[in-house]
Amino acid sequence: GGERKGKPRPTTPLSFEEIGGQERAKQEIIEALDFLVHEEQISKFGIRPLKGILLTGPPGTGKTLLAKAAAHYTDSVYIAASGSEFVEMYVGVGASRIRDMFKEARQKAMKAGKTSAVLFIDEIDVIGGKRDGGQHREYDQTLNQLLTEMDGIHTAESPKILIIGATNRKEMLDSALLRPGRFDRHIGVDLPDKKGRKHILHIHARNKPLHDEVNLEKIAEESFGFSGAQLESVMNEAAIYAMRDTSESLTQRHLSMAIDKVLMGEQTDREATK
Ligand code: ATP
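Residues numbered from 1 in each chain as written. Predicted model: local features only at pLDDT ≥ 70, side-chain atom pairs only at ≥ 80, totals over all residues. Heavy atoms only, no water.

Enquirer: Break down the site of the ligand for me, citing the residues and quoting the values.
Expert: Near the ligand you find 15 residues, and of these Gly 20, Gly 60, Thr 64, Asp 122 and His 204 are the closest. Here Gly 62 contributes a backbone N or O atom positioned 3.1 Å from an oxygen atom of the ligand. At 2.6 Å from an oxygen atom of the ligand is found a side-chain nitrogen or oxygen belonging to Thr 64. Burial of the ligand by the protein amounts to 80% of the accessible area it has alone, namely 630 Å². Of all elements in the fold, only helix 3 (63-73), helix 8 (194-205) and helix 10 (228-244) reach the threshold of two or more residues within the shell around the ligand. Classifying every residue of the shell around the ligand by side-chain character gives 5 nonpolar, 7 polar and 3 charged. (Near = heavy atom within 4 Å. Polar contact = N/O pair within 3.5 Å; in protein donor to acceptor, adjacent residues only side chain to side chain. Areas by Shrake-Rupley, 256 points an atom, 1.4 Å probe, with all protein chains shown as cover. Helix = DSSP H or I, 4+ residues; strand = E, 2+ residues; numbered from the N terminus. Nonpolar A, V, L, I, M, F, W, Y, C, P; charged D, E, K, R; others polar.)

Right under this line is the structure:
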């Protein structure tokens, strides 16, 4: 409806239900989070506390959404950063940024009256790339600081911190990050299959008027290889086509055109980076 005009889009999905497809990833992350939620149990059994979850997979598949949903599920505050924010010209600045980030997470949780914080670090490979014999001293210090902070997290501590890292280049990560007690839980977040694509399309169609004839099953078929982010664009582009047509609703044709548009956009992007 017209009342949405000018308002920011609701971009903060809160629950796992708002993430389409990714059933296996969702189940795996929930299982891991349950360790955090049922803390008394894990200490009774002497199980090593969960500190880090690594989400791996191509861009736009919902890794950020999963981290946000994880924060919601565990009733934690959510803090996000990207690995590239820690790359600095001056030695030590990256490391001190890492320290600040952990401090901020604790303070934010305390202020919000929560007992835990989820710290999401996208592009973690930028900080945690393989250390290659002292070539990148600054990165080393930043990575070392991250390891130190992770080692310093204890279950008894309050607020607790759970780190969720994301990367689409897992093979690039320094093995120190993958050791037990660090990012020892790895969850693959792959491109959605047809069922997943249909689910994602449904989610992004929620606030849009769809024509009765629209067959999302077919659109899911036609969008083979699309990520969640691309499917979100398809819905958005289709809505723009519908509006330009002064149509009452989004039709199958608008959606098919939108698929082509998104595909073409990707090609242009690729040309531009050549
Ligand atoms: P990157 O690696 O580029 O950071 P990402 O995997 O973290 O990507 P998100 O930021 O979670 O991807 O997704 C970007 C947007 O794409 C989301 O805000 C959402 O609109 C849409 N999206 C992606 N995956 C899904 C999904 N599984 N269900 C619903 N929407 C999705």
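Still more to cover.
Enquirer: I'd love a proper account of helix 4 (residues 93-111), names of residues and values included.
Expert: Over its 19 residues, helix 4 extends 26 Å from the first C-alpha to the last, a length consistent with the 27 Å expected when each residue adds 1.5 Å. For helix 4, the complete set of buried residues consists of Gly 94, Ala 95, Ile 98, Met 101, Phe 102, Ala 105 and Ala 109. Down the axis of helix 4, the smallest arc covering the buried residues is 125 degrees, so these residues share one side. Summarising the geometry of helix 4, the exposed residues directed more than 90 degrees from the buried face are Lys 103, Met 110 and Lys 111. Looking one or two residues beyond helix 4, the residue adopting positive phi is Gly 113, at roughly 70 degrees. (Expected span 1.5 Å × (residues − 1). Buried < 20%, exposed > 50% of the residue type's maximum accessible area, 1.4 Å probe, protein only. Arc of directions from axis to C-beta.)

Enquirer: Kindly report on the pattern of salt bridges, identifying the contributing residues and their values.
Expert: Here the structure, examined in full by the defined rule, presents 11 salt bridges. One salt bridge connects Asp 190 with Arg 24, and the closest N-O pair in it is separated by 3.9 Å. Placement of the pair is Asp 190 in the loop between strand 5 (183-188) and helix 8 and Arg 24 in helix 1 (residues 23-37), with a sequence separation of 166 residues. Using a relative accessible area of 41% as the deciding quantity, one classes Asp 190 as partly exposed. For Arg 24, a relative accessible area of 46% translates into the label partly exposed. Residue Lys 194 pairs with Glu 221 through a salt bridge whose shortest N-O separation is 3.2 Å. With Lys 194 in helix 8 and Glu 221 in helix 9 (residues 216-222), this pair connects stretches of sequence that are 27 residues apart. Owing to a relative accessible area of 46%, Glu 221 belongs among the partly exposed residues under this scheme. When salt bridges that share partners are traced, they join Lys 194, Lys 198, Glu 217 and Glu 221 into one network. (Salt bridge = Lys/Arg side-chain N within 4 Å of Asp/Glu carboxyl O.)

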